[in-house]
Protein chains: 2
Amino acid sequence: MAGLELVSSSRCFDGEVRKYRHASSATGCAMTFNIFLPDCAIAGTEKVPVLLFLSGLTCTEDNMVTKGGALPHLSRERIALVAPDTSPRGAGVAGEDADWELGTGASFYVDATQEPWKANYQMTSYVQSELQQLVADNFSVNASRISIFGHSMGGHGALVLALRNPGHYQSVSAFAPICHPSTTDWGKKQFHAYLGPDTETWAAYDATELAGRYDGPPLHILVDQGGDDQFYASKQLQPGDFAAAAANNKLHIQLTMRIPPGYDHSYWFVQSFMEDHISFHAKRLRP
Amino acid sequence: MAGLELVSSSRCFDGEVRKYRHASSATGCAMTFNIFLPDCAIAGTEKVPVLLFLSGLTCTEDNMVTKGGALPHLSRERIALVAPDTSPRGAGVAGEDADWELGTGASFYVDATQEPWKANYQMTSYVQSELQQLVADNFSVNASRISIFGHSMGGHGALVLALRNPGHYQSVSAFAPICHPSTTDWGKKQFHAYLGPDTETWAAYDATELAGRYDGPPLHILVDQGGDDQFYASKQLQPGDFAAAAANNKLHIQLTMRIPPGYDHSYWFVQSFMEDHISFHAKRLRP
């Protein structure tokens, strides 16, 4: 596999979890990702569908595979999981490690246009193009059957990528996504840094704004939001705004939103509803 | 709950994962454990069975609940999980943090008789008596329906506690247990330190030795051993010795041992077979 360095591999649930490192042209630095491959994809006897998972602030490519509880369900459904890192790492951008909400681990999955970020923080291009091409070129997957999901900042990333690329993903889901970042502290701070002061440019990365104007083929969306999530309570996530925008665009967006009481923002919450999300995607990936 | 300090609590799989800290009379220091309680035990509408999980070298009370993948199955079966720490921690014993195979994180679940360990490293007493009494006194559990399992050093601990206490546990299982510690580097080093040079005292903590002489009620045992486990290959685990001892004592021990190929020693392996272990115990805990 040209350009892909295997960092580790472990057998798990009749498949393998592998970590790869590669030089990224989009981010200008080494990037790592985890991939789960069911045995049929390892053997090459089937080109399996792909689920792309984007993690949240401070996370890495490891959170999902370690704590998400997805692997038994992916194994059963014969779906590959791809979990990239949450930002460039060690790119040498001034100040990237100084603040947990900005820079390393906090890319917000945008293509930055501002200094000092724009040379490396090209995460939309990385996730949407480079990473997916790399996976299509190197593994036994059907790259035309792909869905996307994520948690918190990664839920924002998943919703935004699906809404920006009509027809590309079969389905999208999110756990406690940042839904309206142009209007919340999580979002305004990062968009200002990465995209500059012109708030017109922010709308292209705001799920609520994008949901209002989306006119592609019907997009199936599942969102779960823990009812006792501290960031929901402090209005950093604003799923209500997203639900309203989706409701006003019912011809194009089919949203199921659930707010199970008692659950917080953590992977204790994420894993509790993981099977539902895998089943939701599997129905669209293997219709 | 007198003496129990709630450190954290998160809703998960229609129940809660809670971490508690308490002063232990057995170990003479503060101990922490995690407990998963299904909603019926939280509400007190049912006294649920208990599964006790012992972790391996370098682990804490967190590995199982974070990476074990047990919680959806425990929730479905309405079984409480109790996962203690792997040793006293911060007890101030000279040298306890100097070696990852001895002291902190490496108790081997024995009651030490030697200096400097004996004042604190009383993990058999802690797990078998103090912790179980604490759980019985403070939670809606049926303390007479209890099974035990563990991983690696914790698999050793689970097998030894079940074999030392005939009739106490409904069932016992282990992932990649250290099976014959009197004869392997993992075991000889620790038994010498904790129990002294008299190898006669080691047999009381050696699953293979105990299996040969066990004469209690029929004990149901499930052991899974990854076929590509580096510690299996280096003969630190010796499941074959344990299987032979069990085969010679078929009237009293009903062992199922599996060696799935390709799996290593990690929680990637443990989680892959967790559902089988929970089902195995559930059948005996809810006959």
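Quick caveat: nothing in here was measured; it's all calculated off a predicted structure. (Residues numbered from 1 in each chain as written. Chains lettered and ligands numbered in written order. Predicted model: local features only at pLDDT ≥ 70, side-chain atom pairs only at ≥ 80, totals over all residues. Heavy atoms only, no water.)

**Student:** Describe in detail the relation of the copies chain B and chain A, supporting the description with residues and values.
**Tutor:** Its rotation angle being 180°, the transformation that places chain B on chain A also includes 0.0 Å of axial translation and leaves an RMSD of 0.0 Å. Given the turn and translation reported, the copies of this chain are related as if by a two-fold rotation axis. Both copies present the same face, since 100% of the interface residues in chain B are matched by interface residues at the equivalent positions in chain A. (Least-squares fit on C-alpha atoms with pLDDT ≥ 70 in both. Contact = heavy atoms within 4.5 Å.)

**Student:** Report on the side chain of Q128(B), specifying residues and quantitative values.
**Tutor:** Residue and element names in this part refer to chain B. With respect to the helices, strands and loops of the structure, Q128 is situated in helix α4 (residues 123-138). Within polar-contact distance, the side chain of Q128 engages the side chain of Y169 at 2.6 Å. If we skip the residues at most four places from it in the chain, Q128 touches L161, N165, H168 and Y169. (Helix = DSSP H or I, 4+ residues; strand = E, 2+ residues; numbered from the N terminus. Polar contact = N/O pair within 3.5 Å; in protein donor to acceptor, adjacent residues only side chain to side chain.)

**Student:** Go over the sheet that holds strand β3 (residues 30-38) of chain B, please, and point to the residues and values.
**Tutor:** All names here are of chain B. A sheet is described by the order of its strands in space; here nine strands give the open sequence β1-β2-β3-β5-β4-β6-β7-β8-β9, paired in mixed fashion. With one partner strand each, in any of the chains shown, β1 (5-11) and β9 (253-258) form the two edges of the open sheet. Geometrically, the sheet is characterised by an average inter-axis angle of 20° between neighbouring strands, direction not taken into account. One ladder, built from three bridges, connects strand β4 (residues 48-54) with strand β5 (residues 80-84); its direction is parallel. Across the sheet, residue L52 finds its bridge partner in β5, namely V82. Here helix α11 (residues 274-285) sits on the sheet in contact with β4, β6 (141-151), β7 (172-175), β8 (219-224) and β9, set at roughly 150° to β6. (Pairing = 2+ DSSP bridges. Axes fitted to C-alpha atoms, helices over the stretch in contact; angles between N-to-C directions.)

**Student:** Explain the environment of I278(B) to me, and be specific about the residues and the numbers.
**Tutor:** Residues and elements named next belong to chain B. With respect to the helices and strands, the residue I278 is situated in helix α11. Its relative accessible area of 0% is what places I278 among the buried residues. For the pair I278 and L74, spaced 204 residues apart in sequence, the C-alpha separation works out to 7.0 Å. With residues near it in sequence (within four places) discarded, I278 still touches L51, A70, H73, L74, E77 and F149. (Buried < 20%, exposed > 50% of the residue type's maximum accessible area, 1.4 Å probe, protein only.)

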